[in-house]
Amino acid sequence: MSEGDEREFRAETPSDGDLSDRPYAIYQCTDCQNVVLSMQDCEGGMTCHGEAMERVDEAKMDVEPPALREVLLDAFGLPKAGLDICLCVIGEGPLSPGEVAAELEYDESTIRSYLTELVDLGLLEKSQLNREGGGTVSVFHSVDLEEMRRESLIGFYVWAGEAAALLEEANLTKAEYLDADHDERLDAVFWEQVAGDRTTES
Amino acid sequence: MDDPNCPVLAAAVAFRDDTGRVVTATALTDRLDREEAAIADRLERLVDCELLAPMEGGFRPTVTGREFLDLDVECGPLIVDVDYE
């Protein structure tokens, strides 16, 4: 498949911010600042403080829906080649990295590099089989589909949580700035603080 | 095995164990509902993955091939890398 032929798997834009027909649900607490994202709208919705949360039916901010390629790259650092390998089920039985490379039109070294990455991400499993004459042979195969579904969603929620924490940090910095007497502009204070936090974390 | 990872390899192992004879594409056509040429092509690929070993007049399953069939794999991809380090 050439670059130009690739379909862009992009989520739909919620029309007029209407969230009522999306495959996810967002709930907000009517008492505190808690906001929850759920992919499964269980009967009765979500609760906070033991009380039912309010479902958010409309987003006031315009959101640019992500493309699948962007999600994989941003959240998991996984380029398209990685997903192609995960989806590479050609006929039956095993393939060598060379056959996968030929089928997908990537270098064999690219395939090997992503196999390791996919194992690290938990999207593939590596088994080692005994080799005649000594040593081992590596077999890369899918993890259980339910497990992959759960782990990829949790992984994405971790990413989304980190992104939300960054936004919260920005909002809190603005609130603190307004309360304090700074000589510098807010943007300078903000980026200095973010840089300081990142240095501390690393 | 009800749902082998590779039906051709499974048939090759069963044939070898049942008869003690060398595995060939011709010999497996009775056990697999497919063209002999397709079986022959798959046998060669299995040799590349070291799941079969060539021997005079045909092939035999390797230890690796027998272990491969025992892997509990729900679906593909199944990539065998004999050079992975």
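Residues numbered from 1 in each chain as written. Chains lettered and ligands numbered in written order. Predicted model: local features only at pLDDT ≥ 70, side-chain atom pairs only at ≥ 80, totals over all residues. Heavy atoms only, no water.

## What about the pattern of salt bridges?
Residues and elements named next belong to chain A.
Okay, so step 1: The full count for this structure, using the stated rule, is 10 salt bridges over all chains.
Okay, so step 2: Residue Lys 80 is joined to Asp 84 by a salt bridge in which the shortest nitrogen-to-oxygen separation is 2.8 Å. Highlighted residues: Lys 80 and Asp 84, both in helix α2 (residues 80-86), separated by 4 residues, approximately one helical turn.
Okay, so step 3: Taking the relative accessible area as the measure of exposure, Lys 80 reaches 26% and is therefore partly exposed.
Okay, so step 4: Glu 108 is paired through a salt bridge with Arg 112; the nearest N and O atoms lie 3.1 Å apart. Linking Glu 108 with Arg 112, this pair stays in helix α4 (residues 108-121), spanning 4 residues, or about one helical turn. (Salt bridge = Lys/Arg side-chain N within 4 Å of Asp/Glu carboxyl O. Helix = DSSP H or I, 4+ residues; strand = E, 2+ residues; numbered from the N terminus. Buried < 20%, exposed > 50% of the residue type's maximum accessible area, 1.4 Å probe, protein only.)

## Examining the interface of chain A and chain B
Okay, so step 1: Taken together, the contact pairs 30 residues of chain A with 31 residues of chain B.
Okay, so step 2: Contact between chain A and chain B buries roughly 2,900 Å² in total, counting both sides, with carbon and sulfur atoms accounting for 53%.
Okay, so step 3: One can count 4 salt bridges joining chain A with chain B.
Okay, so step 4: Of the charged contacts in the structure, one is a salt bridge between Arg 112 of chain A and Asp 81 of chain B, with a shortest N-O distance of 2.6 Å.
Okay, so step 5: Where chain A touches chain B, the interface holds 13 residue pairs in polar contact (both at pLDDT 80 or more).
Okay, so step 6: Contributing elements (two or more residues each) for the side of chain A that touches chain B: α2, α3 (97-104), α4, β6 (124-130) and β7 (136-142) of chain A.
Okay, so step 7: Looking at the side of chain A that touches chain B, the element that brings in the most residues is β7 of chain A, giving 6 residues.
Okay, so step 8: A breakdown of the residues in the side of chain A that touches chain B according to their chemical character gives 15 nonpolar, 8 polar and 7 charged.
Okay, so step 9: Pairing of β7 of chain A with strand β3 (residues 78-81) of chain B, which is carried by 4 bridges, proceeds in the antiparallel orientation. (Contact = heavy atoms within 4.5 Å. Buried area = accessible area lost by both parts, 1.4 Å probe. Polar contact = N/O pair within 3.5 Å; in protein donor to acceptor, adjacent residues only side chain to side chain. Nonpolar A, V, L, I, M, F, W, Y, C, P; charged D, E, K, R; others polar. Pairing = 2+ DSSP bridges.)

## Digging into α4 of chain A
Okay, so step 1: Over its 14 residues, α4 of chain A runs 20 Å from end to end, which matches the ideal 20 Å to within 8%, given 1.5 Å per residue.
Okay, so step 2: Where α4 of chain A is concerned, the buried positions are Ile 111, Tyr 114, Leu 115 and Leu 118 of chain A. Looking straight down α4 of chain A, one finds that the buried residues subtend no more than 115 degrees of arc, so they occupy a single side. For α4 of chain A, the exposed residues set more than 90 degrees away from the buried face come down to Ser 109 and Asp 120 of chain A.
Okay, so step 3: Each element contacted by the buried residues of α4 of chain A is listed here: α2, α3, β6 and β7 of chain A together with β3 of chain B.
Okay, so step 4: Two residues or fewer past α4 of chain A, Gly 122 of chain A is found with a positive phi of approximately 90 degrees. (Expected span 1.5 Å × (residues − 1). Arc of directions from axis to C-beta.)

## Things to note about the sheet that holds strand β5 (residues 54-55) of chain A
Within a beta sheet, neighbouring strands are joined by backbone hydrogen bonds and run either parallel or antiparallel to one another.
Residue and element names in this part refer to chain A.
Okay, so step 1: As summarised here, the arrangement of the 3 strands in space is β2-β1-β5, forming an open sheet in which the pairing is antiparallel. What marks the edges here is a single partner per strand, and that holds for β2 (35-38) and β5.
Okay, so step 2: Strand direction decides the pairing type here: strand β1 (residues 25-28) and β5, joined by 2 bridges, are antiparallel. Of the residues in β5, the one forming a bridge with Gln 28 is Glu 54.

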